[in-house]
Amino acid sequence: MTRCRLCGSAALASVVDLGATPPCESFLAADRLDRPEPAYPLHLRVCTDCWLAQIPPLITPEETFQEYAYFSSYSTSWVEHARTFVAGAVERVGLGSDAFVVEVASNDGYLLRHVVDRGIRCLGVEPSVNVGAAARDAGVPTLTEFLSPETGAAVRAEHGPADLVVANNVYAHIPDVVGFTEGLRALVADDGWVSIEVQHLLTLIEENQYDTIYHEHFQYYTVASAIRALASGGLTLVDVELLPTHGGSIRLWARPSEVAGEPSSRVAEVLDREKAAGLQDLSGYAEFSARVAKVRRDLLRFLIDAAERGETVVGYGAPGKGNTLLNHCGIRPDLLAYTVDRNPYKHGRFTPGTRIPILPPEQIAADRPDYVLVLPWNLRDELIEQLSFVHEWGGRLVFPIPELSVVEVKA
Ligand SMILES: [Zn+2]
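Residues numbered from 1 in each chain as written. Predicted model: local features only at pLDDT ≥ 70, side-chain atom pairs only at ≥ 80, totals over all residues.

Identification of the protein chain as Class I SAM-dependent methyltransferase from Streptomyces tanashiensis is taken from an unreviewed UniProt entry.

Turning our attention to the sheet that holds strand E3 (residues 53-54). Ordered in space as E1-E2-E3-E9, the four strands form an open sheet in which the pairing is antiparallel. Of all the strands in the sheet, just strand E1 (12-21) and strand E9 (219-220) have a single pairing partner and so form its edges. Sheet analysis places E1 next to strand E2 (residues 40-47), joined by seven bridges and oriented antiparallel. For Ala13, the partnering residue across the bridge sits in E2 and is Val46. The sheet strands contacting helix H10 (residues 283-308) are E1 and E2, and the helix crosses E1 at an angle near 20°. (Pairing = 2+ DSSP bridges. Helix = DSSP H or I, 4+ residues; strand = E, 2+ residues; numbered from the N terminus. Contact = placed C-beta atoms within 7 Å. Axes fitted to C-alpha atoms, helices over the stretch in contact; angles between N-to-C directions.)

The next thing to look at is the domain arrangement of the protein chain. When the domains of the protein chain are assigned, the result is domain 1 (12-54), domain 2 (61-275) and domain 3 (284-408). The C-alpha-based centres of domain 2 and domain 3 are spaced at 33 Å. Contacts between the two partners involve ten residues from domain 2 and, on the opposite side, 13 residues from domain 3. The residue makeup of the side of domain 2 that touches domain 3, split by class, is four nonpolar, four polar and two charged. (Domains from an automatic or database assignment. Nonpolar A, V, L, I, M, F, W, Y, C, P; charged D, E, K, R; others polar.)

Turning to the nonpolar core, a few remarks are in order. Counting 116 residues, the largest nonpolar core has Val101, Val102, Val165, Ala167, Val372, Leu373 and Val374 as its most contacted members. Sequence-distant contacts of Val372, that is, excluding residues within four places in its chain, are made with Val314, Tyr316, Ile364, Leu387, Val390, Gly395, Leu397 and Val398. (Core = buried A, V, L, I, M, F, W, Y, C linked by C-beta atoms within 7 Å. Buried ≥ 20, exposed ≤ 12 C-beta atoms within 10 Å, placed from the backbone.)

So, about the packing of helix H5 (residues 149-159) against helix H6 (residues 177-187). Between H5 and H6, the least distance of the axes is 7 Å, while the angle of their chain directions is 10°. When the axis of H5 is compared with that of H6, the two are roughly parallel. Of the residues in H6, those touching H5 at Pro149, Thr151, Gly152, Ala153, Val155 and Arg156 are Gly179, Glu182, Gly183, Leu184, Ala186 and Leu187. Of the residues belonging to the contact of H5 with H6, the class tally is six nonpolar, four polar and two charged. (Parallel < 35°, antiparallel > 145°, perpendicular 65-115°, else oblique.)

What follows deals with unusual backbone geometry. Between Ile401 and the following residue, Pro402, the backbone shows a cis peptide bond with an omega angle of 5°. Its identity is not glycine, yet Trp51 carries a phi of approximately 65°, on the positive side. Within the secondary structure layout, Trp51 lies in the loop between E2 and E3. A positive phi angle, near 60°, is found at Ala105, a position not held by glycine. Looking at where Ala105 falls in the secondary structure, it is placed in the loop between strand E4 (100-104) and helix H3 (112-117).

See below:
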């Protein structure tokens, strides 16, 4: 990668190089273990002109999304999150019965069904054939397309301009950030609103969440770089909300630049925090790389010491991001015998790259290991509760991030 995908600058500084890893959702079936496994560099860089953090787009969204396995409606917390969002958006934008709402990357219609329920006209634009079909079955009109300036203009020509365009959990997943933003502008009415939720680089850096860097996330936004990205398509940020989702996200409210007016005081507040964290010079990023290296050293030291003492360590969870951590640290079954997951699709499969077996959760109680390494460490409180049964044999929980901690659970 020689140029910033947002501003075209060649001034890209290395933030952290996590080595080469397979795509994080490519869990291996047993009959694939003797075959080669492609690995792609996972090197985060930041543009020192527009401060967009980015990785090279080596895996296309087409590969990720055509047959996407994630159905948002399976998660009750997401459905509730969507219901609250729709209620708030109706109020903020003042959506009446004649309004029109478009959601980009609308998944299985988990959000738009709340718009349908309110009798408001809507359309989902969703690239995955299978999840888009599920949305139509649930009564949510859905077009199977990737958003581009052309598809945005075609939707506007056929359905009219949208009073509200929603793009949640997609703005990091599209390598053509300028074309996508132009597509949003093509969809939205000249006096309309655009709402975007995306992971916040500030919390990623502050809380050491480097395992959320993976090939499907092409860029990582501060509010400062999001302002630049929105402007590339003719949109202006007017307000921002900080959300706890995905370890820390931002909800951006933008409007066509001609009608946007002055941004809210909240925008200035978050920009000040980002600046204080060193994210508009190289200091904040330089320190991050050192902290990532320490996570690896501390976790490996712990696992090696446990192995030397003859103690057993198994994993809990096989989330995609766990694979960034396992691959970056170079952990193999000699240090982590297996991991368990609640998703039956993963049982009998192996983690990509590191080839650690994935078993059903019951295996932990059967084997009574000395330690359980929690890979979805961000669900710390929930999992301390859920895994409290390890106290029965004196087992302990290990959380690798934000820094290594060993937790003795109580009955
Ligand atoms: Zn740039």
